[in-house]
Each structure stands twice: as structure tokens, then as C-alpha cells.
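Inside the fold
Chain by chain, the residues run as shown.
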Amino acid sequence: MIELLTRYFPELTEKQQQQLEALDTLYRDWNTKINVISRKDIDNLYEHHVLHSLAIAKALCFRPGTHVLDFGTGGGFPGIPLAILFPDVEFKLIDGTGKKIRVAQEVSNAIGLTNCHPEQLRGEDEKGKFDFVVSRAVMPLPDLVKIVRKNIAKPQRNALPNGILCLKGGDVQAETYPFRKVVQTTDINTFFSEPWFKEKHIIYLPL
């Protein structure tokens, strides 16, 4: 399934391709011990989880030295695929569930990621400053904003102002409405042609 990724990211190095290919075996193995991906969905790992995570890279190419917080990472999405794609960017992955963070840590170690730092932590307890917070359908946008506003750094280094980039599905009008003057919603099917992405979106909110 690496062909699915190289179709959209032809610039992947050999090392990145090897790291991405290794995810299949690693997540299948861990999923037998700790259910981080739905049993029915593990065969769709690359489309529904890896490529979905990498949609954020189509919205913004993080510059080297950027610091990103993956809020509610679960087993490592979107943080681990993004950390593979952006080796010069620092990613902190947090989740309140220890066994999920263990999977993210073990997978990260197994493929040799040095820019990926999983930690068991609730978002309310995260004190660090980051250029961007990324997440995947963790909670409604207004609730997420309340928690992570404190974590957005002031200095700017990217093409977009610092803020939140989150992956959502379905109708997002209600949760984006409070931010309607500044929020940007992009349909992922503008980047990827697979039917599964039809009602999937990237929401960007500068903070």
C-alpha cells in the first residue's frame, strides 16, 4: 500500500518509505494486544489512518524547527505519519490513555523516529508552547480551543499563522460557526481522490 502514499507524496525518501511500510506490521502486531485501531479497519490502515493524517501536510508544509502538539493522539495519529514526513519538525504526542501512548512510543522507537515524543498527559495539563496543535476528531472545535489556546506560541515561522489544524468528518458547520470569520475548512477530496475522503475535512483555525 506504499504506492498509495507515493502517488500523493512522490518526494518521499527511501528511508521515509521504509518507515511508512513498517507501520503495517507494527500496528497489526500491537493491535492484537491493545486495540488502537478498529479490528475491521486495520486493513485500511494506509488510507484511513496514514494518508488521512498526511492530509495536514497538504494544507501546510511545516518549516524545519516547527513545534507541533498532537492532541489526543491515540496510537499515534496524525503525529507519527507527520513526524516521518517532516524529520526536521518536533512532534509531541499526548493522550490521557497510557496503553495508547505506549503503542505510539513503541512504534516510534521501532522505526527510529527521533523527532516524535509521546507522553501520557491530558491536554489540560500540557504546559508547553507550540506553533501548531493537530488533532483527529478528538472533540468539538470550541472545546478544543478552550484547552489548547494556552499552548499556542507567539513567534511565527510558517506560511500560516500559528493555530489549530484538525481532521474532521461529516457536517462541521455547527462547531466552526463561532469562528466563522477566521476559520478555514478544506475538503480533503481536493487532495485525495479515494471515495472515503468525500466528507472529510481539514479545519484550520489561527489562534
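For the structure itself, look to the data block above.
Our subject in this report is the structure included herewith.

About the cut-offs
In every chain, residue numbers begin from 1 and rise along the written sequence. Local features in this predicted model are restricted to residues whose pLDDT is 70 or higher, and side-chain atom pairs enter the listing and the counts only when it is 80 or higher, whereas totals over whole chains, interfaces and linings include all residues. With hydrogens and water stripped out, all remaining heavy atoms of the structure feed into the side-chain values. Buried residues of nine kinds, namely Ala, Val, Leu, Ile, Met, Phe, Trp, Tyr and Cys, make up a nonpolar core once their side-chain atoms join them within 4.5 Å. The buried label applies to any residue whose accessible area, calculated with a 1.4 Å probe on protein chains only, is under 20% of its type's maximum; exposed applies above 50%, and partly exposed to all values in between. Helix and strand definitions here come from DSSP, where helices need a minimum of 4 consecutive H or I residues and strands a minimum of 2 consecutive E residues; each element is numbered from the N-terminal end. Contact criterion: two residues are considered in contact whenever any of their non-hydrogen atoms come within 4.5 Å of each other. Two strands are said to pair when DSSP picks up at least two bridges between them. Fitted lines through C-alpha atoms serve as axes, helices being fitted only where they are in contact, and the angles separating the N-to-C directions of these axes extend from 0 to 180 degrees. One side-chain nitrogen of Lys or Arg within 4 Å of one carboxyl oxygen of Asp or Glu is enough to make a salt bridge.

Turning our eyes to something else, we now look at the nonpolar core. The biggest cluster of nonpolar side chains holds 51 residues, and the ones touching the most others in it are Leu-23, Tyr-27, Phe-62 and Ile-80. The element that contributes the greatest number of residues to this core is helix H3 (residues 45-59), accounting for eight residues. Those residues in contact with Ile-80, other than ones at most four positions away along the chain, are Leu-23, Tyr-27, Gly-75, Leu-93, Ala-104, Val-107, Ser-108, Ile-111, Leu-113 and Cys-116. Counting residues in hydrophobic clusters, the runner-up holds 19 residues, among them Phe-71, Val-148, Cys-166 and Val-172.

Now for the sheet that holds strand E3 (residues 116-120). Strand order in the open sheet formed by seven strands is E3-E2-E1-E4-E5-E7-E6, with mixed pairing between adjacent strands. Unpaired on one side and paired on the other, E3 and strand E6 (184-187) mark the two borders of the sheet. On average, each strand axis in the sheet is inclined to that of its neighbour by 20°, with strand direction left out of account. Across three bridges, the pairing between strand E1 (residues 67-71) and strand E4 (residues 132-136) is parallel. When the sheet's bridge partners are listed, Asp-70 is paired in E4 with Val-134. In the packing of helix H6 (residues 141-148) onto the sheet, contacts are made with E1, E4, strand E5 (163-169) and strand E7 (200-206), and the angle to E5 comes to roughly 155°.

Considering all chains together, one arrives at ten salt bridges under this definition. With its nearest N and O atoms 3.2 Å apart, the salt bridge here joins Glu-119 to Lys-92. Pair noted here: Glu-119 is in strand E3 and Lys-92 is in strand E2 (residues 90-95), with a separation of 27 residues, a long-range link. On the basis of relative accessibility, which here comes to 34%, the residue Glu-119 falls in the partly exposed class. We note a salt bridge from Asp-131 to Arg-157, for which the minimum N-O separation is 3.2 Å. Remark: Arg-157 occurs in the loop between H6 and E5 and Asp-131 occurs in the loop between E3 and E4; sequence separation between them is 26 residues. Asp-131 sits in the buried class, given a relative accessible area of 2%. With a relative accessible area of 37%, Arg-157 lands in the partly exposed category. Among the charged side chains, a salt-bridge network with shared partners connects Asp-24, Arg-28 and Asp-43.

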